[in-house]
Amino acid sequence: MDDDPLLAALTALTDPARWRLVGLLAEQPRSVGVLAQLADARQPQTTKHLQMLERAGIVTSQRTGQRRIYALRPGPLRDLASALGRLADGADEPGGPRATFERYGIGLDTERLAAKDDGWADGRSFRFHRPLSGRPELVWRHLAQADLLARWWTPDDLRVSELVFEARPGGRIVQEYRDAQDADGTDAVAGRAEGVVEDARPGEHLAYRLSPLLPDDSPAFTAHIDMDLRPTAAGTDLDVHWRITDSTVASADFIAGIEIGYGQSLDKLAAVLTEDAHTTGDPADHTPDTTEPRSAT
């Protein structure tokens, strides 16, 4: 039996026959013979099940004359119930990963039903707004410089594994991402997108088109993304507009994740800029004043 008492108890309770015996002993202590009769089982099998439950700490026994009487130990069951409750509470955290998973699932169902023909999502748009710490020059570098982009340009459960961003009109964009917990890169690539920069005015405006790729390397759709930066007393206001064209039937899963995924990315950007401001005291001095493209892997 495993050294972990909770795992030992859980393992012992997975068998329906042992679970039935635990239910009978919850009513009152009983002998092996009576338990076998009530469970409609053979006595040798019942004895083996009871011995496993006893090794797991769930029951205790004592001999009385010619009979062995078993009784339930409630403590291990309460410990197991508490452990399972903590797991359930963690998974049920308001606004946590499971809530995001369920929200995305609802979006998936909706978009898959709508995706009947190519072009089904053309003209769809998404708008995002974030007040950010740091002057527009600093925010621009986080939007246009690959090593800084890699810090935030994925949803919470993903990480950038390859990134090219050439911040000039006609510049190339490549974004590849993997599961955030895939540390050695052996899991399948979660996604890849390619695009082109259309407009780049440092500290003011950035526009590009980006296409997530399907497994056959064909584009799922084209996203036309416009970003406007405005200085404020507290830092910078960032407004982002996504517009969809060239949508395929297979693009439904991607489009279902735009609002949640890109929203999480922008939240990460805000957190990165705030962290840098607290660390340096002057966020504008955090990085060199350059928008030269770099690649990050």
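All values reported here derive from a predicted model rather than from experimental measurement. (Residues numbered from 1 in each chain as written. Predicted model: local features only at pLDDT ≥ 70, side-chain atom pairs only at ≥ 80, totals over all residues. Heavy atoms only, no water.)

### Some thoughts on the overall build of the protein chain
What counts is decided by this rule: Note on conventions: DSSP H or I runs of at least 4 residues are helices, E runs of at least 2 residues are strands, and numbering of each starts at the N terminus. As defined in this context, the radius of gyration uses C-alpha atoms, and a globule is described by 2.2 Å times the residue total to the power 0.38. Note on classification: 1.4 Å probe, protein chains only; a residue is buried when its accessible area is under 20% of the maximum for its type, exposed when over 50%, partly exposed between these limits.
When helices and strands are counted, the protein chain shows 10 helices and 11 strands. Here the C-alpha atoms of the protein chain give a radius of gyration of 29 Å, more than 25% beyond the 19 Å that 2.2 N^0.38 yields for 297 residues. Each principal axis of the C-alpha atoms in the protein chain carries an extent, and together these give about 90 × 50 × 35 Å. By residue count, 43% of the 297 residues in the protein chain fall in the buried class.

### Comments concerning the confidence of the model for the protein chain
Heads up, the rule is: A residue's pLDDT is the confidence the predictor assigns to it, expressed on a 0 to 100 scale. Contact definition: two residues touch when any of their heavy atoms are within 4.5 Å.
Summarising the model, the protein chain shows a mean pLDDT of 92, and 93% of its residues fall at 70 or more. Low pLDDT, under 50, characterises residues 283–297; the stretch is placed with 41 contacts to residues that sit more than four places away or in other chains.

### Focus on the packing of helix α2 (residues 16–27) against helix α4 (residues 43–55)
Threshold: Working convention: axes come from line fits to C-alpha atoms, limited for helices to the stretch in contact. Angles between N-to-C directions cover 0 to 180 degrees. What sets the label is the angle itself: under 35 degrees gives roughly parallel, over 145 gives roughly antiparallel, 65 to 115 gives roughly perpendicular, and the rest give oblique. Polar here means any residue outside two lists: the nonpolar Ala, Val, Leu, Ile, Met, Phe, Trp, Tyr, Cys and Pro, and the charged Asp, Glu, Lys and Arg; Gly therefore counts as polar.
Relative orientation of the contacting elements α2 and α4 amounts to 75 degrees, with a least axis distance of 10 Å. Between α2 and α4, the angle is such that the two are roughly perpendicular. Residues A17, R18, L21, V22 and L25 of α2 form the contact with α4, whose own contacting residues are T46, H49, L50, M52 and L53. Taken together, the residues of the contact of α2 with α4 break down into 7 nonpolar, 2 polar and 1 charged.

### With respect to the pattern of salt bridges
Oppositely charged side chains can pair when the atoms bearing their charge come close. Put simply, the rule is: Salt bridge, as applied in this entry: a Lys or Arg side-chain nitrogen positioned within 4 Å of an Asp or Glu carboxyl oxygen.
Within this structure, the stated rule accounts for 16 salt bridges. Between R30 and E27 there is a salt bridge, with the nearest N and O atoms lying 3.0 Å from each other. Salt bridges sharing common partners tie together E162, E176, R192 and E194.

### A few points about the packing of helix α1 (residues 5–13) against helix α5 (residues 74–91)
In the contact formed by α1 and α5, the axes pass within 10 Å of each other and the chain directions differ by 100 degrees. One way to sum up the angle between α1 and α5 is to call them roughly perpendicular. For the pair α1 and α5, contact is made by L6, A9, L10 and L13 and by L77, D79, L80 and A83, respectively.

### Details of helix α7 (residues 136–144)
Note: α-helices contain 3.6 residues per turn, so residues at a spacing of three or four share the same orientation. Of all 9 residues making up α7, 8 are buried, and the element is well covered by its neighbours. Turning to α7, its buried residues are P136, L138, V139, W140, R141, H142, L143 and A144.

### Re the sheet that holds strand β1 (residues 30–31)
Condition: Strand pairing requires that DSSP identify at least two bridges connecting the strands.
Spatially, 3 strands are ordered β1-β3-β2 in an open sheet, and the strand pairing comes out antiparallel. Because the sheet does not close on itself, it has two edges, and the strands there are β1 and β2 (59–64). When β2 meets strand β3 (residues 67–72), the two strands line up antiparallel, connected through 6 bridges. In the sheet register, R63 faces β3, and the bridge partner there is R68. Sheet strands touched by α4: β2 and β3. Its angle to β2, the strand with the most contacts, is close to 120 degrees.

### Considering the nonpolar core
Note the following rule: We call a set of buried residues a nonpolar core when its members are Ala, Val, Leu, Ile, Met, Phe, Trp, Tyr or Cys and they connect through side-chain atoms within 4.5 Å of each other.
In this structure, W153, F165 and Y208 are the most contacted members of the largest nonpolar core, which totals 45 residues. Element by element, the count of residues in this core is highest for helix α10 (residues 258–280), at 6 residues. Counting 17 residues, the second-largest nonpolar core is a separate cluster that includes V32, L35, Y70 and L80.

### Here we look at the side chain of R130
Its location among the elements puts R130 in strand β4 (residues 125–133). The exposure class assigned to R130 is buried, which follows from its relative accessible area of 19%. In this structure, R130 is in contact with T236, D237, L238, G263, L266 and D267, ignoring residues within four places of it in sequence.

### Considering the environment of K116
Where we set the bar: Under the rule applied, a polar contact is a pair of N or O atoms within 3.5 Å (in protein, one hydrogen donor and one hydrogen acceptor; residues adjacent in sequence only if both atoms are side-chain atoms).
Looking at the element boundaries, K116 is found in the loop between α6 (97–114) and β4. Counting along the chain gives 133 residues from K116 to V249, while the straight-line C-alpha distance between them is 6.2 Å. A polar atom in the side chain of K116 sits 3.3 Å from the backbone oxygen of L113.

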